[in-house]
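Observations on the three-dimensional arrangement
This is what each chain is made of:
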Amino acid sequence: MKEERIRILYLDDEANNLNAFRASFRRDYEIYTALTVSEARHVLQEHAVHVVIADQRMPGMTGVEFLDSIKDEYSAPVRILLTGYTDFEALVNAINKGQIFRYIKKPWDEIELKNAIGNAHELYMARKELREKMEELEKTNSELNRFIYSISHDLRSPLMSVLGIVNLARMEHALVDANGYFDMIETSITRLDGFIQKMIEYYKNSRLESEWEEIDFQALIRETVETFGHQDPQMIFDVEVNQDTVFAGDAFRITVVLNNLISNAVKYRKPQEAQPRVKITANVYPGYASLVIEDNGIGILSDHLDHIFDMFFRTRNNNQPGTGIGLYIVKEALSHIGGNIAVSSVYGEGAKFELTIPNHSAA
Ligand code: ADP
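Note that the coordinates shown come from a computational prediction; the quantities given were computed from them, not determined experimentally.

Regarding the site of the ligand
With respect to spatial proximity, 19 residues lie near the ligand, and among them Asn-264, Tyr-268, Thr-315, Thr-323 and Leu-327 are the closest. Coverage of the ligand by the protein amounts to 98% of the 530 Å² it exposes when considered alone. Elements with a contribution of two residues or more to the shell around the ligand: helix H8 (251-267), helix H10 (326-336) and strand E12 (350-358). By residue class, the composition of the shell around the ligand is 8 nonpolar, 8 polar and 3 charged.

Below, the structure written as structure tokens:
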């Protein structure tokens, strides 16, 4: 591809200067000149110039004022000021306020001016590339948002319909299901839906900004227990919450953490355990909350303890359906809000997860 020539607008009320500039640089650049501010504006309207050079001393409007006046409307061209030593104060102001990229002393030195134009053009191209990348990123982001929205609605709702129909057929004894096909369908659909929900949690965790709100741990834990308790009516939940101070935190991420840990405690109970139990303790202090979730389930092999927070890590010591992403999301969500988690377990006796979450309450 043929390289584009650098397009320059030079504004100066002295025709001699404009002519000298043309004579020196016409082979190197595509040059537009203007004797007045209105001519210069006209050029800007008509041509996508890369660099604007303005003389400081002009009747009516100074070069800095002109460059400042076009800054918002024509933000892409890089601005250079031509000036004598006497305008030092104006120069300092112009540079500090970002009105100009560089200034060149008059009379100009050809090499210095050429270098300045070259640098200005590089800056122009870098900004352009950045703008294009940003636009691309915004487009990808919005596509991703639509995709996730579609996953959460368009994929989940038919799944829920199938589940409803299976339950209807079961209730109405519409078919004899001696082989337990309905149960198999239900298990598969629940598994798939669980995976979709985890994907949505993962996505939201990685993208949503944290928002602090007041958290009542008693209520939050009760809700989670109600959500997962029905999976095993035998399950005993011992909940102890000591909160007499205000806690402010990211309710979405804390809920995600609790949901994953409590659902795991239920999921990885021992099949033969007469009293499957989860103990959930929360102590809230002015600086942080400490939570412990301890179960008497199947436990975790010591070799696996270092890996359970890895993405897609699943142990094969049980037949439970899983995605291996739950604890990864837990760890990511906690790191997002400055919390941490530790696990300990005696294989065959249970697992214990201990976490701390910073309190953002000003109280
Ligand atoms: P998933 O449960 O979907 O497989 P997780 O990331 O939540 O994925 O857990 C990773 C692995 O850690 C699980 O496969 C399981 O073997 C083990 N695990 C997690 N929580 C417990 C627990 N409370 N008791 C025993 N094993 C657990």
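After that view of the structure, there is still more to cover.
Considering the side chain of Arg-253
With respect to the element layout, Arg-253 can be found in helix H8. We classify Arg-253 as buried; its relative accessible area is 1%. At 2.6 Å, the side chain of Arg-253 forms a polar contact with the side chain of Asn-205. Discounting chain neighbours no more than four positions away, the residues touching Arg-253 are Lys-204, Asn-205, Leu-208, Glu-209, Ser-210, Ala-333, His-336 and Ile-337.

Topic: a nonpolar patch on the surface
Judged by side-chain polarity, Leu-192, Phe-195, Met-311 and Phe-312 come together as a nonpolar surface patch covering roughly 350 Å² of accessible area. Locating Phe-312 in the fold gives a position in the loop between helix H9 (302-305) and H10. A relative accessible area of 48% places Phe-312 in the partly exposed class.

Some details on the nonpolar core
Across soluble globular proteins, nonpolar side chains have a tendency to be buried as a group. Residues Phe-217, Ile-254, Leu-261, Phe-353 and Leu-355 are the most contacted members of the largest nonpolar core, which totals 40 residues. Every element with two or more residues in this core is listed here: helix H7 (217-229), strand E7 (236-242), H8, strand E9 (277-284), strand E10 (288-295), H10, strand E11 (340-346) and E12. It is H8 that contributes the most residues to this core, 8 residues altogether. When neighbours within four sequence positions are excluded, Ile-254 is seen to be in contact with Ile-215, Phe-217, Leu-220, Phe-247, Gly-249, Ile-337 and Ile-357.

Regarding unusual backbone geometry
Between Lys-106 and Pro-107 the backbone carries a cis peptide bond, its omega angle lying at -10 degrees. Checked against the element boundaries, Pro-107 lands in the loop between strand E5 (102-105) and helix H5 (110-171). In this structure, Phe-312 takes a positive phi of about 65 degrees despite not being glycine.

As for the sheet that holds E7
The strand order E7-E9-E10-E12-E11 describes an open sheet built from 5 strands, whose pairing is mixed. The open sheet is flanked by E7 and E11, the only strands paired with a single partner. Pairs of neighbouring strands in the sheet enclose a mean axial angle of 10 degrees, with direction left out of account. In the packing of H7 onto the sheet, contacts are made with E7, E9 and E10, and the angle to E7 comes to roughly 170 degrees.

Looking at the packing of aromatic side chains
Counted according to the given criterion, the structure contains 9 aromatic pairs. For the pair Tyr-202 and Tyr-328, a centre-to-centre distance of 6.1 Å together with 35 degrees between the ring planes defines the contact as tilted. Of this pair, Tyr-202 sits in helix H6 (residues 181-207) while Tyr-328 sits in helix H10, placing them 126 residues apart in sequence. The exposure class assigned to Tyr-328 is buried, which follows from its relative accessible area of 15%. For the pair Tyr-285 and Tyr-288, a centre-to-centre distance of 5.1 Å together with 50 degrees between the ring planes defines the contact as tilted. Accessibility expressed as a relative area gives 35% for Tyr-285, which makes it partly exposed. The structure contains a cluster of three or more aromatic residues connected by ring pairs, namely Tyr-10, Phe-21, Phe-25, Tyr-29 and Trp-108.

Things to note about the sheet that holds E5
Strand order in this open sheet of 5 strands is E2-E1-E3-E4-E5, and the pairing throughout is parallel. With partners counted over all chains shown, the strands left at the sheet margins are strand E2 (30-34) and E5, one partner each. Strand-to-strand twist in this sheet, taken as the mean axis angle between neighbours without regard to direction, amounts to 20 degrees. Contacting strand E1 (7-11), E2 and strand E3 (51-55), helix H2 (residues 37-46) runs over the sheet at an angle of about 165 degrees to E1.

Calculation notes
Residues numbered from 1 in each chain as written. Predicted model: local features only at pLDDT ≥ 70, side-chain atom pairs only at ≥ 80, totals over all residues. Heavy atoms only, no water. Near = heavy atom within 4 Å. Areas by Shrake-Rupley, 256 points an atom, 1.4 Å probe, with all protein chains shown as cover. Helix = DSSP H or I, 4+ residues; strand = E, 2+ residues; numbered from the N terminus. Nonpolar A, V, L, I, M, F, W, Y, C, P; charged D, E, K, R; others polar. Buried < 20%, exposed > 50% of the residue type's maximum accessible area, 1.4 Å probe, protein only. Polar contact = N/O pair within 3.5 Å; in protein donor to acceptor, adjacent residues only side chain to side chain. Contact = heavy atoms within 4.5 Å. Patch = residues over 30% accessible without salt bridge, like charges linked within 9 Å, V, L, I, M, F, W, Y side chains within 5 Å. Salt bridge = Lys/Arg side-chain N within 4 Å of Asp/Glu carboxyl O. Core = buried A, V, L, I, M, F, W, Y, C linked by side-chain atoms within 4.5 Å. Pairing = 2+ DSSP bridges. Axes fitted to C-alpha atoms, helices over the stretch in contact; angles between N-to-C directions. Phe/Tyr/Trp six-rings, centres within 6.5 Å; stacked < 30°, edge-to-face > 60°.

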